[in-house]
Amino acid sequence: MNAMTEGVAAPLPYSNLDTDQIMPKQFLRIIDKAGLDKGLLYDLRFDEAGAPRPDCVLNQPAYAGTSILVAGPNFGCGSSREHAVWGLQQFGIRAVIASSFGEIFYFNALNNGLLLATLPPAEVDALLSKVSNTAAGANRVSIDVMAGQVRAADGWTAHFDLPARHRHMFAQGQDMVGATLQQLPDVERFEARHWARFPWMKDVARQVRDRLDAA
C-alpha cells in the first residue's frame, strides 16, 4: 500500500463481520502466514461441500481481482487474531472502507499496512450502491491517503481521517517494523546515553550466566 491505491471494490454490507468469520479457526493451524488467502471469508465464499457460492460477490466475474472492500459497520470485531489482516492482504485486499471497525482489528490492520477508511454510515451506503453496479468500470474506487479522499468511478467523493503516524507510514509504504527502523538512530542515541548513566546494568544477564557457568 502506498499513498494512492485504485482498483475493483466489492460490496460486503454485513454488520458485525467478526475476525472469526474473516479467518475461521481451522485455518489458524499454521507455523507461518502462508496460505491464509484460502481461508478468507471461507463460509461466505464456499458451501459445506467446499464449492464456491455463486451468490458471494467475491466469486462473481464482475469482482475478479477485488482489492478494496466496502463493508458494513463494526467490521473486524471479535477476537484479536491478526491472521484476519494477513488473510485479507494475501487475498489481494489493500483497503477496507466501512463506517466503523473493531478496535483491535483497526490497529492490527494499519500496523500491517492494510488501509482502513472510516466514513459516515450514509456515505458508506452511497458507496455500497455505487460499487454494486456491475457495469464495466463502475465498481472501481480510488483512495488518496494523503488527501484523505475516497473517489468512486462516477466522480463521487468522500473524506476520511487517519492518524498522522499511519498516514506517513502508508505514504512511505511501511508497516510498523519499517516505521520503527526509521527511528533506529534515535534509539541508538538513547541507548548510548542510558548505558553512560547506568554502566553497571549493561549485559547483566550475560554476566550472571557467565558466573553461573564458571561455578
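All values derive from a computational prediction rather than experimental measurement.

Undergrad: Lay out the overall build of the protein in plain terms, naming residues and giving numbers.
TA: Along the protein, the regular secondary structure elements total nine helices and seven strands. Relative to a compact globule of 215 residues, whose C-alpha radius of gyration would be 17 Å, the protein shows 22 Å and is clearly more extended. C-alpha atoms of the protein, sized along the principal axes, occupy 75 × 45 × 25 Å. A separation of at least 24 residues holds for 64% of the contacts in the protein among residues at least 6 apart in sequence.

Undergrad: I'd like a rundown of the pairing of strand β3 (residues 95-98), residues and numbers included.
TA: Here β3 shows a buried face lined by Ala 95 and Ile 97 and a second buried face lined by Val 96 and Ala 98. Note that strand β2 (residues 68-71) and β3 share three bridges and pair parallel. Across the sheet, Val 70 pairs through a bridge with Ile 97, a residue of β3. For the handedness criterion, the β-α-β arrangement of β2, helix α3 (residues 83-91) and β3 is classed as right-handed. Crossover handedness for the path β3 to helix α4 (residues 103-112) to strand β4 (residues 115-118): right-handed.

Undergrad: Explain the domain arrangement of the protein to me, using residue names and the numbers behind them.
TA: In many analyses, interface size is given as the accessible surface area lost on bringing the parts together. With domains assigned, the protein is organised as domain 1 (4-173) and domain 2 (178-214). Taking the mean C-alpha position of each, domain 1 and domain 2 sit 41 Å from one another.

Undergrad: Lay out the UniProt feature "domain: Aconitase A/isopropylmalate dehydratase small subunit swivel" (unreviewed entry) in the protein in plain terms, naming residues and giving numbers.
TA: Per the UniProt annotation, the sites labelled "domain: Aconitase A/isopropylmalate dehydratase small subunit swivel" (unreviewed entry) are residues 5-117. Between the end C-alpha atoms of residues 5-117 the distance is 12 Å, and the span holds 24% helix and 17% strand.

Undergrad: Please provide a residue-by-residue account of the pattern of salt bridges, values included.
TA: By the definition in use, this model includes six salt bridges. Taking the shortest distance from any N to any O, the salt bridge between Asp 203 and Arg 206 comes out at 3.7 Å. Judged by its relative accessible area of 39%, Asp 203 falls in the partly exposed class. Among the ionic pairs, Arg 206 bridges to Asp 210, the shortest N-O distance being 3.0 Å. Note that Arg 206 and Asp 210 are positioned in helix α9 (residues 204-214) at a spacing of four residues, about one turn of the helix. Judged by relative accessible area, which is 39%, Arg 206 ranks as partly exposed. Judged by relative accessible area, which is 34%, Asp 210 ranks as partly exposed. Here the residues in one salt-bridge network are Asp 203, Arg 206 and Asp 210, joined through shared partners.

Undergrad: An account of helix α6 (residues 164-172) is requested, with residue identities and associated values reported.
TA: Among the residues making up α6, those that are buried are His 166, Arg 167, Met 169 and Phe 170. The buried residues of α6 occupy one face: seen down the axis, they fall within an arc of 160°. In this structure, the buried side of α6 is in contact with α4, β4 and α7 (176-181). A positive backbone phi angle near 70° is found at Gly 173, which sits one or two residues after α6.

Undergrad: I'd like a description of the packing of aromatic side chains, backed by residues and values.
TA: Within this structure, the stated rule accounts for seven aromatic pairs. Ring centres of Tyr 106 and Phe 107 lie 5.1 Å apart, and the angle between their planes is 85°; on these two criteria the pair is classed as edge-to-face. Using a relative accessible area of 36% as the deciding quantity, one classes Phe 107 as partly exposed.

Undergrad: With reference to specific residues and values, describe the environment of Pro 199.
TA: In this structure, Pro 199 sits in the loop between α8 (184-197) and α9. Along the sequence, Pro 199 and Ala 10 sit 189 residues apart, while their C-alpha atoms lie 57 Å from each other.

Undergrad: Please set out a nonpolar patch on the surface residue by residue, giving values where relevant.
TA: Residues Trp 200, Met 201, Val 204, Val 208 and Leu 212 make up a contiguous nonpolar surface patch of about 510 Å² in total accessible area. Residue placement: Val 208 occurs in helix α9.

Cut-offs applied
Residues numbered from 1 in each chain as written. Predicted model: local features only at pLDDT ≥ 70, side-chain atom pairs only at ≥ 80, totals over all residues. Heavy atoms only, no water. Helix = DSSP H or I, 4+ residues; strand = E, 2+ residues; numbered from the N terminus. Rg over C-alpha atoms; globule rule 2.2 N^0.38 Å. Contact = heavy atoms within 4.5 Å. Buried < 20%, exposed > 50% of the residue type's maximum accessible area, 1.4 Å probe, protein only. Pairing = 2+ DSSP bridges. Right-handed = clockwise from strand over helix to strand, strands pointing away. Domains from an automatic or database assignment. UniProt positions renumbered as here; feature names shortened; annotations may be inferred. Salt bridge = Lys/Arg side-chain N within 4 Å of Asp/Glu carboxyl O. Arc of directions from axis to C-beta. Phe/Tyr/Trp six-rings, centres within 6.5 Å; stacked < 30°, edge-to-face > 60°. Patch = residues over 30% accessible without salt bridge, like charges linked within 9 Å, V, L, I, M, F, W, Y side chains within 5 Å. Areas by Shrake-Rupley, 256 points an atom, 1.4 Å probe, with all protein chains shown as cover.

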